[in-house]
Structure formats: structure tokens, C-alpha cells
Amino acid sequence: MRRKKQPHKNKRRGLSLKPLIIGMSACVVLLGGVLLWAVLGSVRLEPESGHGLGIVDAVNTMGLQKKTQELAAKPSAASSESQTLTANETDAEEIKDKEAEDQKAEQTLEEESTKALAYQQINEATMANSKSGVADVTQLTDVAADDVRLWIEAYTYGNWPYLEGEPVTKEAQDEILARRNLEGILDPITLKYGVITQNAAVRAFPTWKKASTSLDAHSFDYFQESMLMTGEAAVIVHQTADGIWSFVQAQNYRGWVETDKIACCTLDELKKWQETKRAVVTDARLTLAGTNVTLRMGTALPAKEESEGILMVSIPQKDDKGQLVITNVETAQDGIHFGYLDMTQENILDQAKKLVGMAYGWGDSNGDMDCSSTMNAIYRCFGIILPRNTGSMAQTGTQIVSLEGMTQEEKLEKIQSMKPGTLLVMKNHVVMYIGQENGEDLILHNFTTCMAEDGVSTKEVYQCQITQLNLVTAAGTQYLDAYGKIDILIYDSHTFLGDTDCFYNLERVIIHQDYICCLNRRI
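Residues numbered from 1 in each chain as written. Predicted model: local features only at pLDDT ≥ 70, side-chain atom pairs only at ≥ 80, totals over all residues. Heavy atoms only, no water.

A. Representation of the environment of G435 in the model. In this structure, G435 sits in strand β20 (residues 429-437). Along the backbone, G435 and Q416 are 19 residues apart, and their C-alpha atoms lie at a distance of 7.5 Å. Dropping the residues within four chain positions of it, G435 is found in contact with P420, E440, D441 and L442. (Helix = DSSP H or I, 4+ residues; strand = E, 2+ residues; numbered from the N terminus. Contact = heavy atoms within 4.5 Å.)

B. Main features of the side chain of S392. Mapping S392 onto the fold places it in helix α9 (residues 390-393). In this structure S392 comes out as buried when scored by relative accessible area, which is 16%. Excluding residues within four positions of it along the chain, S392 makes contact with K131, S132 and P387. (Buried < 20%, exposed > 50% of the residue type's maximum accessible area, 1.4 Å probe, protein only.)

C. Region of interest: the pairing of strand β21 (residues 440-451). Buried residues dominate β21, accounting for 10 of its 12 residues. Sheet analysis places β20 next to β21, joined by 5 bridges and oriented antiparallel. Paired with Y433 across the strands is I443, a residue of β21. Turn length for the β20-β21 hairpin, with the two strands adjacent in sequence and antiparallel, is 2 residues, and the turn residue N438 shows positive phi of about 55 degrees. Pairing geometry for β21 and strand β22 (residues 458-468), over 9 bridges, is antiparallel. Within β22, the residue paired with C450 across the bridge is K459. (Pairing = 2+ DSSP bridges.)

D. Up close: the layout of surface pockets. In this model, the second largest pocket occupies a volume close to 830 Å³. In terms of lining residues, the second largest pocket is bounded by 31 residues, among which Y360, W362, C371, N428 and H429 are the most central. Those elements that provide at least two residues to the lining of the second largest pocket are β6 (224-228), α8 (371-380), β21 and α11 (479-482). The element contributing the most residues to the lining of the second largest pocket is β21, with 4 residues. (1 Å grid on protein atoms, 1.4 Å probe; cavity = no way out; pocket = protein on both sides within 12 Å on 5 of 7 lines; lining within 4 Å. Points joined across faces, edges and corners; volume = space filled by probe spheres on them.)

E. View of the sheet that holds strand β16 (residues 324-331). Read across the open sheet, the 5 strands follow the order β16-β15-β14-β11-β17; overall the sheet is antiparallel. Both outer strands of the open sheet, β16 and β17 (336-338), are each paired with one neighbouring strand and no more. Here the average twist between neighbouring strands, direction ignored, is 40 degrees. Sheet analysis places strand β11 (residues 278-281) next to β17, joined by 3 bridges and oriented antiparallel. (Axes fitted to C-alpha atoms, helices over the stretch in contact; angles between N-to-C directions.)

F. Quick peek at the nonpolar core. By size, the foremost hydrophobic cluster in this structure holds 60 residues, and its most contacted members are L191, F223 and V237. For this core, the leading source of residues is strand β7 (residues 233-239), giving 5 residues. Apart from residues no more than four positions distant in its own chain, L191 is found in contact with L140, T141, D142, V143, V235, I236 and V237. Core analysis: the second largest hydrophobic core is formed by 30 residues, M369, C381, L423 and L442 among them. (Core = buried A, V, L, I, M, F, W, Y, C linked by side-chain atoms within 4.5 Å.)

G. How the structure looks around unusual backbone geometry. Of the consecutive residues D187 and P188, the connecting peptide bond is found in the cis state with omega at -5 degrees. Inspection of the secondary structure assignment puts P188 in the loop between α5 (170-178) and β3 (192-196). Even without being a glycine, E164 presents a positive backbone phi close to 55 degrees. Assignment of secondary structure puts E164 in the loop between β1 (162-163) and β2 (166-167).

H. Quick peek at the pattern of salt bridges. The final tally for this structure, using the stated rule, is 11 salt bridges. Here E232 makes a salt bridge to R380, at a shortest N to O gap of 3.6 Å. Note that E232 is positioned in the loop between β6 and β7 and R380 in helix α8, a separation of 148 residues in sequence. Taking the relative accessible area as the measure of exposure, E232 reaches 6% and is therefore buried. (Salt bridge = Lys/Arg side-chain N within 4 Å of Asp/Glu carboxyl O.)

I. Representation of the sheet that holds strand β5 (residues 211-212). Taken in spatial order, the 3 strands of this open sheet run β2-β1-β5, and their pairing is antiparallel. Strands with a single pairing partner mark the edges of an open sheet, and in this sheet they are β2 and β5. Of the strand pairs in this sheet, β1 and β2 are connected by 2 bridges, and their pairing is antiparallel. Paired with L163 across the bridge in β2 is E166.

J. Examining the state of the cysteines more closely. On inspection of all chains with the given rule, the structure shows 0 disulfides. Left without a disulfide partner, C264 is nearest to the cysteine sulfur of C265, which lies 7.4 Å away. C264 sits in the buried class, given a relative accessible area of 18%. (Disulfide = S-S within 2.5 Å.)

K. Spatial organisation of the packing of aromatic side chains. As enumerated under the stated definition, the model contains 15 aromatic pairs in all. Between Y157 and F223, the aromatic rings sit 5.5 Å apart at their centres with planes inclined by 85 degrees, giving edge-to-face as the arrangement. Of the two residues, Y157 sits in the loop between α4 (145-153) and β1 while F223 sits in the loop between β5 and β6, which places them 66 residues apart along the sequence. Comparing Y157 with F223, the two get one shared label, buried. (Phe/Tyr/Trp six-rings, centres within 6.5 Å; stacked < 30°, edge-to-face > 60°.)

L. Just α8, in detail. Burial of α8 is extensive: 10 of the 10 residues sit out of reach of the surface. Here α8 has its buried residues at C371, S372, S373, T374, M375, N376, A377, I378, Y379 and R380.

M. Main features of empty space enclosed by the protein. Within this structure, the stated rule accounts for 2 cavities of 30 Å³ or more. Empty space within the largest cavity amounts to approximately 110 Å³. If you trace the largest cavity, you find 14 residues lining it, with M227, R296, D364, N376 and R380 closest to the centre. Counting only elements with at least two residues in the lining of the largest cavity, the list comes to β6 and α8. The leading source of residues in the lining of the largest cavity is α8, at 4 residues. Class assignment of the residues belonging to the lining of the largest cavity gives a composition of 5 nonpolar, 4 polar and 5 charged. (Nonpolar A, V, L, I, M, F, W, Y, C, P; charged D, E, K, R; others polar.)

Below you can see the structure in the form of C-alpha cells.
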């Protein structure tokens, strides 16, 4: 039989589990609280009443954590001050850069103004000499009838035996002379101002008939004098009775021009046209895109720069009443430059070499160039106006060095002391000295013929070429024997600014009659 288990009468004989469970629960609670504190952040563990964590401490702990997070999200005072300092430094740098840009722009403007003034002095010196034929047409406000008659009659009918390929007759000559309408020259002379709308031939007489000395294919038309380029200013002082031809005073020439190629305007309109900043053609020839307007080197037209590389060029045209109207053409073409080029040795030679191969045209016949108009075209790219003909070039506008009475060796030594770009003048011809290559002195010029290599026959050239300095003419004359004058025109842009590295170290003196203008600079 199994015995019944007896209950323990004495409870102290074993350990009770209830206190253990309670203790473990308390530990868990306490551990949870510690973990909570760890999550909330470092807090002080002193109980408010000594029996656990107080409510106020818990709230303060949470507030401290929130404040800390807010402060962390905001820059410190030191950081803010540092950023402010950096911003101020940036502003200071921007101001400094702006001041530097303004200073550079001011310096550039001053340089351009100084160069413009110097070029203006050169041109004014040339204009002041009555032998130059160069004039500021905007200053021509009054002219006497007697003066107009003298200008027109300065052209005389020369010993030209052929007219239009036929032997000339007295009746044919008289007819041409009568076209001048001399009886219509009466005081007061009414001046008409205008602008050339397309390249226009300047004629000795108001006719397209050709006067020549032979029937040769290369015979010159001796009625042809020059050509006025598109955009040039002109003053009409007289006209033929039918109004088809006008006798004009232009910037560096006088003569008969077809009236149809002149757009008339007021003097104020002409001054505005002349004073506007210009774009200059730097290619030998240029046809503006989208137009049939062909321009040649040295043509200068009013323009403005729309943006980098894009120009708005003003083209002169005339309305049905013969008055000036302006058409603006936008172009981004090469071969046209906003503003005149800087007159440096490199630029002068670059422009000169662009004309190599340009056909020879007596008096710019057929829109081509002769020796003196070639030099004019080059120097117009820099805003310099030369006399039209070689005879005037040798007498006006710049420092002249005479070679008269020198031996060939002395002339050569003097020429070699000059810089490339200097003009050398002889009777009826002008050339540009362009320096040496492989020890040989070279010139650039537009000419007709020379002695062939065989030393006997004539070589026909009829274009602009680079040749040896001492070329031999078809008649057998050496150029070194023919050179009579050196016309000094080289003018480096540095010389206006006093730079020590300017290439031209001769004192520049502009001499004309009683006027002497010295442009001083360091050398």
C-alpha cells in the first residue's frame, strides 16, 4: 500500500519562489529604465526623492536633448561669423575684380582716344597742305564760283591721239569740253552734300569715252582719275546741264562722278554719318552676305557691334528722290573689322600682302588699283588718309627723307635703316619697303611692266607683286636710281603709350608748311 504524502509542517525547510520572481521583475524594470535613459541620452541618475527617477528629471532630460538637436541644426556663432567673413571676402574680391575691369576699360578707351587723336593729327596735317588734295568735306560750307571753275579747268585735254579707239577730232574734243557746262557756274554756289552709294569712278571729264595714247590692249584711259568707295562723303559743287554728271570734292580727290551714285543729304546728316564708329574692310574685296554690295580694302562704313563677332553695318542707298536712306545689314563675316586696325608693323604688312595679285588698273579702272591707290587702301585700314597721287604723297602729311644726290649705296643704307611699311616714292610710282628675306631687300607694289630676266625684253605684270628692291624698269632704269623720297608712315600703337618696346625709334614729325606737330614718346 502506498503511503500518502504528508504536507510539510515547517515552511522554513525550503526557499519560497515568490520573492525571487518579484526581484527579477524589479531588475527587468530597472534595466528597461536604464536602456530608456541610454536612448534618451546621458542624464543624471539621482532620484528626486531617493526612491527612483523623478518625473521632472525625465522631462528636463527630454528638453535638453531637443535643445541640443536644435543647436546642432544651427551654425554656431563662430561658424556664422566665419561664413559672414567669407562672404565679405568674396564681395571684396568681386569689387576688386570690377574695379580692375573698369580700370582696364578706361585704359583701353584712353588708348583708343590717344590713337584716334594721333591719327586725326596726321590727317589734319595732310589736309592743311593745299598740295595734298585731301579735305574734310564737312568743313566745306562755302565756295566761290571762280574756285569751282579753276577746279574743273585744271583738267586739260592732253596729247591723247585716240578717243574710243579712233583718231580724235577737234569736234569730238569740243563736244566733251562743252559737257562741263562752265556757263552754269554762277555765284552763289549751292552746295549739295551726299554719300557715295557704290564704288564710283572719278573722271577728268563728264564722259565715259576713253582717251588713249595707243590702240594697245593695255593702253590706259587717261580720262580715268580715281575711284570713290562706297560710303565716302562728297560735296557736289557743279553739274552738267542734264544733271547726269556731278563735279564733286571728296576726301582726297576732285572730279566728275555719275550723279546716280550719290545719295544726297543735309550737312548735319553727313556729319552724323562721318562721326559714327566704323567697320573697315580688311580683305582685298568683300561682298556682304545677302547683298550685291561689293566693297574693297579700306572701305569704312558706320557700324555697331550687336554681339561678339556680329556687326550691324550701315549701307548707304538712295530713295526715288535721290535722298540718302540707310539699310542695316547684319554680318558675321571675316574680312571686316569693327573699328580701325591698330597701326602696328605686323598689321601693315599683313594688309599689304593681302593685295598681292590685285590687278593693276590705271586710276582704279574697272575697280582695280594702281600703285598709289594700293597704298591708300592699306593705310585706310588704320584710319589714315593719304594723298591720292604719288606727287602729292612725296610732299605732304608725314616726315619726308630726301634721297636726292645720294649714290645707290647711300640710298640702300638709308632705306635699310627704315622699318617695313615705309613708302618709297619715285617719279610716277610708289612702293612699300617690306624688309629683307634671305638677305634680299624686298618691296610690295602694284605695277605694269619691268625688264625681263634676259635683260632685253619687257615683262608684263599688271598686278600687285612682291619684288626685289632694285627692280629694273622696262626702259632699263634701276629703281635705286629712281627713288627720290622716303615717305615715313610707320606708326606703332605702342608709341602712343610710351612703351619702351616700340619698334619704331625715330622721332615722328608731321611737317606741312608752317605747321609742325611732334608726337612725343619714350624710346
